[in-house]
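As a plain string of letters, each chain reads:
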Amino acid sequence: LVKDMVSLTRSLVVLFAVSLPLSAANEGSISRSPSRLMRDPSCCKSQLKIGGLFKGKDGFEEHAINPIFMKIDHIDEWLPCDKYETPLTWRGAMVGQDETVLDVLYLNSPRASQKNLLYRQWVRAGPRDLLYFKPKEVVAAIVTCGGLCPGLNNVIKAIVDTLLKTYDVKKVWGIQFGYKGFYSLPWIDLDCKAVENIHKRGGTVLGSSRGGGPKENMDKIMQALTSNGVNQVYVIGGDGTHRGANLISQEAARREYPMSVCGVPKTIDNDVAFIDKSFGFDSAVAEACKVINCARIEADDSHNGIAIVKLMGRECGFVAMYAALASNDVDICLIPEAPFSMDKLCEYTTEVLNKRGHCLIVVAEGAGSHQFEGIDLGVDASGNKRLPDIGTYLRDEMKAWFKAKDFPAEVRYLDPSYQIRSIAANPSDSVYCSTLGSTVVHGAMAGFTGFSCGQVNHRYVYIPIEEMCDPSNKVRVDTKSRAYNRMIRCTGQPNLL
């Protein structure tokens, strides 16, 4: 009976989730002005009631939730036009014009109640029957910005192949070296032959850079786009890059220029709001484990050997934490979310050396920020705060500490950051990137704009860029989470503060 009710519950959730039309489910959810598109979350709510949910020993009950509808802007809202029938023949795979999905629902969960979770209703990603753009009139531009990440070329290839092979669009341009390439560098003609083998190499064939974005160069970028007849822009990058994409989308709306601007979220740190994980993360963790294994050998083959491996993670420690879990060899893992005392770190390292003869430490690049209070190194071209080198700091401090204690120790330091971020995507990320690339094209062809895409609860959805980049939606490692506590159990480290 319970199995039957679980099956029924799943059916009911899907049924209710797709029954709220995008045009009417949350009427009045957009307040629009000529210069800016604004979303009012307080208006994006509706009530959903689900009956027959198992409540434990008390039987079954009706449960009501108030999901927030994550509305995606559509060009048709300010520039209506006739729609075109899709050229796709695989009709069984079409997504409903108004199809949405819900977040996972938690019932009888004290932990979920304590976290005061919000439930969201997402626009389902995928191909639709009706298109805003006539494929033969589509001129697209693709740009990659920010740091490198495994899978960038896979996403580029998927976008190009979907545009040309699936929709047979007029033209696809590649923009070189980030936003500045729109107005200062030649554009590259991208066809299927040009991207045929790019997925086999790391990095991005378009090149990448920071800065030069629309906040300071909007007129230059819009002039380049409009003069070349571009009506779809695909931006692959992180938080700052997406903010720039949203500015371009808003400017196109202000000018009433029919252009879809969309993004694929890229960050090796895995700190994108809402989505299950960012592309390249699995590849980064796998490569980090190779370095950790080499570091373990270095430490193991030295008398009282200490090996320190610095991994990516400016403000969150997902790469370091999951690499420590995956390798199962790490003695101490330091992440930005868990401050530590240098003295306690060295004292525990001594314990590990006395017990095992070596100690392996993994540290995220943003860990130990409290050790550098008062130090300001400015910001980079993307506006990110420049960080002092925690890896060399730990190496030097530990050498000095053990020397002062007259304790013989050999300290090795490995920084594989550039090695890791420049590798090709592994099979898991390759599949993920391919799906993201094709999925974002389907959204643009349908006329959505100002959105990014990703997996939420294992379903591909479109995400409003404004919501994804909202500072209040920061993603960090929860030191009370099961994943973090599994890592602590794996390393055996105590509280080091």
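Each remark here, short or long, concerns the structure printed above.
Residues numbered from 1 in each chain as written. Predicted model: local features only at pLDDT ≥ 70, side-chain atom pairs only at ≥ 80, totals over all residues. Heavy atoms only, no water.

Draft legend 1. The arrangement of the sheet that holds strand β18 (residues 358-364) in detail. Within the open sheet, the four strands sit side by side as β17-β18-β16-β19. Their pairing is parallel. Two strands close off the open sheet at either side, each with one partner strand: β17 (332-334) and β19 (410-414). Adjacent strand axes in the sheet meet at a mean angle of 15°, parallel and antiparallel pairs treated alike. Sheet topology places β17 next to β18; three bridges connect them, and they run parallel. The residue bridging Ile332 from the neighbouring strand is Ile361, located in β18. Packing of helix α9 (residues 342-356) onto the sheet brings it into contact with β16 (305-311), β17 and β18, and relative to β18 it is tilted by some 145°. (Pairing = 2+ DSSP bridges. Helix = DSSP H or I, 4+ residues; strand = E, 2+ residues; numbered from the N terminus. Axes fitted to C-alpha atoms, helices over the stretch in contact; angles between N-to-C directions. Contact = heavy atoms within 4.5 Å.)

Draft legend 2. Expanded view of helix α5 (residues 214-227). The terminal C-alpha atoms of α5 lie 16 Å apart, and with 14 residues this falls more than 12% below the ideal 20 Å at 1.5 Å per residue. At Lys220, α5 is bent by approximately 40°, the largest bend along its length. Among the residues of α5, those classed as buried are Pro214, Asn217, Met218, Ile221, Met222, Ala224 and Leu225. As for α5, its buried residues are in contact with α4 (181-184), β14 (232-237) and α6 (239-254). Where α5 terminates, the next one or two residues include Gly229, which has phi positive at roughly 70°. (Expected span 1.5 Å × (residues − 1). Bend = angle between axes of the 7 residues up to and from the residue. Buried < 20%, exposed > 50% of the residue type's maximum accessible area, 1.4 Å probe, protein only.)

Draft legend 3. The arrangement of the environment of Ser369 in detail. Assignment of secondary structure puts Ser369 in the loop between β18 and α10 (390-404). Relative accessible area serves as the criterion here: at 51%, Ser369 is assigned to the exposed category. When the C-alpha positions of Ser369 and Leu387 are compared, they lie 8.3 Å apart, and in sequence the two are 18 residues distant.

Draft legend 4. Fine view of a positive patch on the surface. A cluster of basic residues, Lys115, Arg482, Arg486 and Arg489, forms a positive patch on the protein surface. Position of Arg482 relative to the elements: it lies in helix α14 (residues 482-491). (Patch = residues over 30% accessible without salt bridge, like charges linked within 9 Å, V, L, I, M, F, W, Y side chains within 5 Å. Areas by Shrake-Rupley, 256 points an atom, 1.4 Å probe, with all protein chains shown as cover. Salt bridge = Lys/Arg side-chain N within 4 Å of Asp/Glu carboxyl O. Lys, Arg positive; Asp, Glu negative; His and termini not counted. Charge placed at Lys NZ, Arg CZ, Asp CG, Glu CD.)

Draft legend 5. Examining the packing of aromatic side chains more closely. Applying the stated criterion across every chain yields a total of 13 aromatic pairs. For the pair Tyr432 and Tyr460, a centre-to-centre distance of 6.2 Å together with 50° between the ring planes defines the contact as tilted. Of the two residues, Tyr432 is situated in helix α12 (residues 427-446) and Tyr460 in strand β22 (residues 459-464); the sequence distance between them amounts to 28 residues. One exposure class covers both Tyr432 and Tyr460, and it is buried. (Phe/Tyr/Trp six-rings, centres within 6.5 Å; stacked < 30°, edge-to-face > 60°.)

Draft legend 6. Representation of the pattern of salt bridges within the structure. The final tally for this structure, using the stated rule, is 22 salt bridges. The salt bridge involving Glu77 is made with Lys71; its shortest N-O contact spans 2.3 Å. The class for Lys71 is buried, based on a relative accessible area of 11%. A salt bridge links Arg412 to Glu410, with the nearest nitrogen and oxygen atoms 3.3 Å apart. Residues joined by salt bridges that share partners form a network here, namely Asp219, Glu251, Arg254 and Arg255.

Draft legend 7. Structural detail: the nonpolar core. Of all hydrophobic cores here, the largest spans 81 residues; its most connected members are Ile142, Ile159, Tyr234, Ile236, Phe279, Leu311 and Val440. It is helix α7 (residues 281-300) that provides the largest number of residues to this core, a total of nine residues. Setting aside anything within four residues of it in sequence, one finds Leu311 in contact with Ala288, Ile292, Val319, Ala320, Ala323, Val362, Val363, Ala364, Glu365, Pro416 and Ile420. (Core = buried A, V, L, I, M, F, W, Y, C linked by side-chain atoms within 4.5 Å.)

Draft legend 8. Just a nonpolar patch on the surface, in detail. A contiguous nonpolar patch, built from Val104, Tyr106 and Leu117 and spanning about 260 Å² of accessible area, is present on the exposed surface. With respect to the helices, strands and loops of the structure, Leu117 is situated in the loop between α2 (110-114) and β9 (120-124).

Draft legend 9. Layout of α14. All of the buried residues in α14 are Ala483, Tyr484, Met487, Ile488 and Thr491. Relative to the axis of α14, the buried residues are bounded by an arc of 140° and lie together on one face. The outward face of α14, more than 90 degrees from its buried face, is lined by the exposed residues Arg482 and Arg489. Of the residues flanking the end of α14, it is Gly492, one or two places downstream, whose phi is positive at about 85°. (Arc of directions from axis to C-beta.)

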